[in-house]
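# Examination of the molecular architecture
Below, each chain spelled out in residue letters.
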Amino acid sequence: MSEYVIEMLNIRKEFGGFVANDNITLQLKQGEIHALLGENGAGKSTLMNVLFGLYQPDGGEIRVHGKNVNISNPNVANDLGIGMVHQHFMLIDIFTVTENIILGNEPTKAGKINIKKAEEEVRALSERYGLAVNPSAKISDISVGMQQRVEILKTLYRGAEILIFDEPTAVLTPQEIKELIQIMRNLIKEGKSIILITHKLKEIMEVCDRVTVIRKGKGIKTVNVSETNPNDLAALMVGREVTFKTEKTSATPGKEVLIIEDLVVKDSREVTAVDHLNLTVHAGEILGIAGVDVNGQTELLEAITGLTKADAGIISLNDKNITNLPPRKITETGLAHIPQDRHKHGLVLDYPIGMNMVLQTYYKRPFSNNGILKFDVISKKAQKLIEEYDVRTPDEYTLARALSGGNQQKAIIAREVDRDPELLIAAQPTRGLDVGAIEFIHKRLIEQRDHGRAVLLISFELDEIMNVSDRIAVIYEGKIVATVDPKQTTEQELGLLMAGSKRAEEGVSS
């Protein structure tokens, strides 16, 4: 028997002449968590889609427990004990947890689906692996972290012994990430083996045994995690040294650009999510908002950008009342928005990436004339932004959905920053990005600040908030409970404020 449960040997995959995987080798041992590390667009997801049968390789071979196999589709992968938890979940919102898990593998009794038996099996699996989900809950009613657990249970229900996690922490809160790491450890204790696609070096160092690094479609090196460090891994991944600490001068705040007074916003359930909130952002500063998810951040952003109605209060941008104006009117007042959900609010996935680059300006000159789009001008603009922001795409005509998540994000940031807005709202701007891209985006945000623009940064990554912000406003239960200087606080103190500690209730200001 081979010491490896999976061997991908010299795998090659091309898309119309574009080489996504250039003779990559990856070998997974029994009972290990093996990281697959690389930049956005390096070919990580493509390689795993080959293993899961979604793509067919153009060269190389795959062995499972030492035997050559032809994984022609995901059903073959499932039969071989291979399951994949995709970055973008494949769940049906109106179905329950159990209905999603058993879809395509429904247990029947007298010709009918035996939901009761299925729920019992799902509950037993959930308890065995410490996944803690409600089998009868609807997908639309559970958190993103819980939805991910449902995806994991889908693979376990089908008997997976080898699990592929594709950027599993990209959409999770810090607490959910801790819980996921424990779940992965539980799976290993039960004899499973895991391939973890990621770009987060901290998580690799915490939970993985070995790591294979790929860069621009080529295999670079496989190393033991115990014998490396984040700096060396970052250099292997991007091909140069990476600065983890963003260098910046002290801010010189100017006029008040965004003023929010006594804002009240209700969520979709008509529950008050933003509760008489007050906030000011100045020109020439980055104001970071720190908070645990579901404390009003989403509703605050949507009210500022016109995506949802405010129930009370005033939002002013450049001395103009923009409260409850349509999104385009707000945009034309001088606002740019990097949304936290790039698929829902950032891109039209079935448009070419070039067209997505002008979604905010296509109706203006020089991109249109009397309502007629000028495709040559749009193409030139897109080419310029693609090069400037290092968006990895074959060309500007490639559909947005064909790009990796990180490159989709870079395209949105290119479009919004290029407009040189008075106020840039950046919500989770580096979610799903590798260390090199994060470094690049942080520099762009600081450049906007240094050009006298106001930047509002919302992030669940405390190190990002601490590293980039000039002031930090802490949000808790829909209110700003403290404003602190990042130079005079700690992540521990912020964590207490975010959790609603006594000091937060009293209010803190720096």
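Residues numbered from 1 in each chain as written. Predicted model: local features only at pLDDT ≥ 70, side-chain atom pairs only at ≥ 80, totals over all residues. Heavy atoms only, no water.

### Section: the sheet that holds strand β10 (residues 193–198)
Neighbouring strands of a sheet are bound in pairs by backbone hydrogen bonds; such pairs are parallel or else antiparallel. Spatially, β6-β9-β10-β3-β11-β12 is the arrangement adopted by the six strands of the open sheet, whose pairing is mixed. Pairing within the sheet leaves two strands with one partner each, and these edge strands are β6 (82–85) and β12 (218–224). Strand-to-strand, the axes of this sheet are offset by a mean angle of 20°, without reference to chain direction. Across the face of the sheet, helix α5 (residues 144–157) comes into contact with β6 and β9 (162–166) while running at roughly 170° to β6. Contacting β3 (33–37), β11 (210–215) and β12, helix α8 (residues 230–238) runs over the sheet at an angle of about 30° to β11. (Pairing = 2+ DSSP bridges. Helix = DSSP H or I, 4+ residues; strand = E, 2+ residues; numbered from the N terminus. Axes fitted to C-alpha atoms, helices over the stretch in contact; angles between N-to-C directions. Contact = heavy atoms within 4.5 Å.)

### Notes on the confidence of the model for the protein
Detailed reading of predicted coordinates is not advised where the pLDDT is low. In this model, the protein carries a mean pLDDT of 90, and residues with pLDDT of at least 70 account for 97%. Scored below 50 in pLDDT, residues 502–510 shows 17 contacts in the model against residues more than four places distant or in partner chains. (pLDDT = per-residue confidence, 0-100.)

### Side note on unusual backbone geometry
A cis amide bond, omega 5°, links R365 with the succeeding residue P366. In this structure, P366 sits in the loop between α12 (353–356) and β19 (368–369). With a phi angle near 50°, A132 is a residue other than glycine that sits in the positive phi range. Tracing the chain through its elements places A132 in the loop between α4 (115–128) and α5. Phi is positive for Q428, which is not a glycine, with a value near 50°. Summarising the element assignment, Q428 is placed in the loop between β21 (423–427) and α15 (435–450).

### As for the sheet that holds strand β5 (residues 67–69)
In spatial order, the strands read β2-β1-β4-β5; together these four strands make up an open sheet with antiparallel pairing. What marks the edges here is a single partner per strand, and that holds for β2 (18–29) and β5. For this sheet, the mean inter-axis angle between neighbouring strands, taken without regard to orientation, is 25°. Bridge count between strand β1 (residues 4–15) and strand β4 (residues 59–64): five bridges; the pairing is antiparallel. If you follow R12 over to β4, its bridge partner there is G59. This element, helix α1 (residues 44–51), spans β1, β2 and β4 of the sheet and lies at about 115° to β1.

### Thoughts on the packing of aromatic side chains
Under the defined criterion, the tally for this structure stands at three aromatic pairs. Their ring planes at 80° and their centres at 5.5 Å tell us that Y362 and Y363 sit as a pair that is edge-to-face. Y362 gets classed as partly exposed once you look at its relative accessible area, which sits at 32%. With a relative accessible area of 26%, Y363 lands in the partly exposed category. Ring geometry for Y389 against F440: centres 5.6 Å apart, planes inclined by 85°, an arrangement best described as edge-to-face. Placement of the pair is Y389 in the loop between α13 (375–388) and α14 (405–418) and F440 in helix α15, with a sequence separation of 51 residues. Among the residues examined, F440 registers a relative accessible area of 25% and is labelled partly exposed. Just above the ring of F15 sits the side chain of K13; from NZ or CZ to the centre is 5.3 Å. (Phe/Tyr/Trp six-rings, centres within 6.5 Å; stacked < 30°, edge-to-face > 60°. Buried < 20%, exposed > 50% of the residue type's maximum accessible area, 1.4 Å probe, protein only. Lys NZ or Arg CZ within 6 Å of the ring centre and 35° of its normal.)

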